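The chain contents come next:
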Amino acid sequence: MTTLLWSLPALVVIGAIASGRLNTTLAAVLGLLTAIPVALFAAPGAFGGGPLGHALARGLWIGAIITPYILGGLLFWQMASRADRGRRPTATSTGSPSTPTAVPAGPHVTPPAEPAPAADAISPTDLLARRRLLFFACFLIGPFAEAATGFGVGMLGTVLLLRPLGFKPRELMVFALLSQTLIPWGAMGSGTLLASAYARVPASQLALYGMVPVALLMLVWMALFWLTARRAGLPTTKAEQAREALWMLASLALLTAATALLGPETALLAAYGPLIVLRFALDRRPGRAQLQDAALGALPYIVLIACLVATRLAPALNHGLAGLARFSPYADLPSWTPFLHAGSWLIAGALLMAAIRRQPGLLSTNARHAWTTGKHAVLSVFLFAMMAEVLAGAGISQAFADGLFRTMQDWTLLMTPLLAGAFGILANSGNAPNSLFMPSQLSLALHAGLSVPAAAALLHVSGTSMGFFSPVRMSIAAGLAQGRGQERAVYAQLLPFAVAAFAILLALALLLVLAG
């Protein structure tokens, strides 16, 4: 009975989301309101008003650290995109598609101004060029856009590049979803940073351990890409498939190195920015005018990435900025260093663009749009963080893990990919499973003498990556691809790949247990 009571906050959240009547934010409110009385009256030890206030304050601190990544990324993206639209109003002259009239990912969100091949300029009979643009959009532009902002903007950029190629809606929906394969680095790595706070593991270490399941899952996503491309009338040779596999291998290798050097916030932007430029040059062979136009469009991102890389890799600059201000109220939680925080640089970049263009009104408009798009994510981060800290502070997470371990021993860890993956699909986010299950996952790993970073990374990647199959993402993809009503058919196509993805995660959990 006590175990059921301890499970009640998670069950309430799962039930609220599964009902389809409440969004993630309201589900998190119910979860927190359930967690507080459970912690006060059913905790395994003494837990009163003072510890409750301390736990809630810790959750608020975690949310405050993450929020600038979310809102700053959206604000910077919109300012940079509007600058590009103002300079180059049409897609046919530039090769940069314009914004559709309605975008489920958020109002007035536009695709990136990175150098991209113009789909309109590719002959319908040039199958190789069309195939290469397809790979470019799904696995380079899409992840880059998602890393800059999150919220499905990667799907928007991918669809806008591919729509002129004339794919059927259900094919375009799958290609849109393939932009979501590197979600642990999405939204400036904010989800990974949040998971690292729950796991008490450095963010870079968590992301590097997570690279193993991410790379293995990429085998599933590449197989889905090849199958869908063939069905869409873009078959290719074994040599071209090998080229695509080599590009993916190089991309993941560069992302791994960038993560180790820079951390998950800026790693994907720094790694994929040069790859996008290189791929653009190799595939399109642009002239000087095209190169200049592409460079101007990408200038805000180039400057931002250069600044962020410099603050991470130049020791004197890093130490100097860190010394200007640092706030660390909790020794075991991330500190806030405002002059090194990537969110601060994103907001500063947006302010600088507004000042250069002398358009304060545009800044305020975009700030409102950023809040409209990101408010549910921000509120969910705060609420889930507070709930996780309440359950951990009351000792419930530890006691729940102890009970499971006594029952199933090391094999308890085999449950976590299934739980986190299923919850990631329901919630369309890894934040909910991380907040609910990460404290117990750590306790289980410590009990069994297993690698804590590996166990935490497996849970994190299971929750974030399996969100690929979320009904929310499917709805966005259907809206962008004009495929409303075809969701069930797409799910039928995706089912074998979902089974394969879960099988990989379970195999990794089994290896983790056996290695211990």
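These numbers come from a predicted model, not from an experiment.

J.: I would appreciate a short explanation of the pattern of salt bridges in the present structure.
T.: In a structure, side chains of opposite charge can pair up when their charged atoms sit close to one another. Tallied over the full model, the rule gives 7 salt bridges. As a salt-bridge pair, Glu-389 and Arg-200 come within 3.4 Å of each other at their nearest N and O atoms. A residue pair is termed long-range when its members are at least 10 positions apart, and Glu-389 in helix H14 (residues 360–393) and Arg-200 in the loop between helix H7 (186–199) and helix H8 (203–231) qualify at 189 residues. Exposure remark for Arg-200: the relative accessible area of 36% places this residue in the partly exposed category. A salt bridge links Arg-243 to Asp-283, with the shortest nitrogen-to-oxygen separation between them at 3.5 Å. One end of the pair, Arg-243, is in helix H9 (residues 238–262); the other, Asp-283, is in helix H10 (residues 267–284), and 40 residues separate them in sequence. Each member of the salt-bridge network shares a partner with another, and the members are Arg-132, Glu-240, Arg-243, Arg-279 and Asp-283.

J.: Honestly, the packing of helix H1 (residues 2–18) against helix H2 (residues 24–42) in this entry has me stumped. Any pointers?
T.: A pair of packed helices can be characterised by two numbers: the angle between their axes and the separation between those axes. One way to put it is that H1 packs onto H2 with a least axis distance of 8 Å and a crossing angle of 170°. Taken as axis vectors, H1 and H2 run roughly antiparallel relative to one another. Taking contact as the criterion, the partners of Leu-5, Trp-6, Leu-8, Pro-9, Val-12, Val-13, Ala-16 and Ile-17 in H1 are, on H2, Ala-27, Leu-30, Gly-31, Thr-34, Ala-35, Val-38 and Ala-42. Broken down by class, the residue content of the contact of H1 with H2 amounts to 13 nonpolar, 2 polar and no charged.

J.: Sorry, what's going on with the side chain of His-460 here?
T.: If you trace the backbone, His-460 turns up in helix H18 (residues 452–465). Taking the relative accessible area as the measure of exposure, His-460 reaches 3% and is therefore buried.

Definitions and limits used
- By convention here, each chain's residues receive numbers from 1 onward along its written sequence.
- This being a predicted model, a pLDDT of at least 70 is required before a residue's local features are given, and a value of 80 or more before pairs of side-chain atoms are given or counted; all residues contribute to the totals for chains, interfaces and linings.
- Side-chain measures here rest on the full set of heavy atoms in the structure, leaving out hydrogens and waters.
- Whenever Lys or Arg places a side-chain nitrogen within 4 Å of a carboxyl oxygen from Asp or Glu, that contact is recorded as a salt bridge.
- The numbering of helices and of strands both runs from the N terminus, where a helix is a DSSP run of H or I of at least 4 residues and a strand a run of E of at least 2.
- Only protein chains enter the accessibility calculation, which uses a 1.4 Å probe. A residue is then buried if its area is under 20% of the maximum for its type, exposed if over 50%, and partly exposed in between.
- Under this scheme, a helix contributes an axis fitted over its contacting stretch, all axes are lines through C-alpha atoms, and angles between N-to-C directions fall in the 0 to 180 degree range.
- Here the word oblique covers every angle except those under 35 degrees (roughly parallel), over 145 (roughly antiparallel) and from 65 to 115 (roughly perpendicular).
- Note on contacts: a residue pair is in contact if any heavy atoms of the two residues lie within 4.5 Å.
- Charged residues are taken to be Asp, Glu, Lys and Arg, nonpolar residues to be Ala, Val, Leu, Ile, Met, Phe, Trp, Tyr, Cys and Pro, and polar residues to be all remaining types, Gly included.

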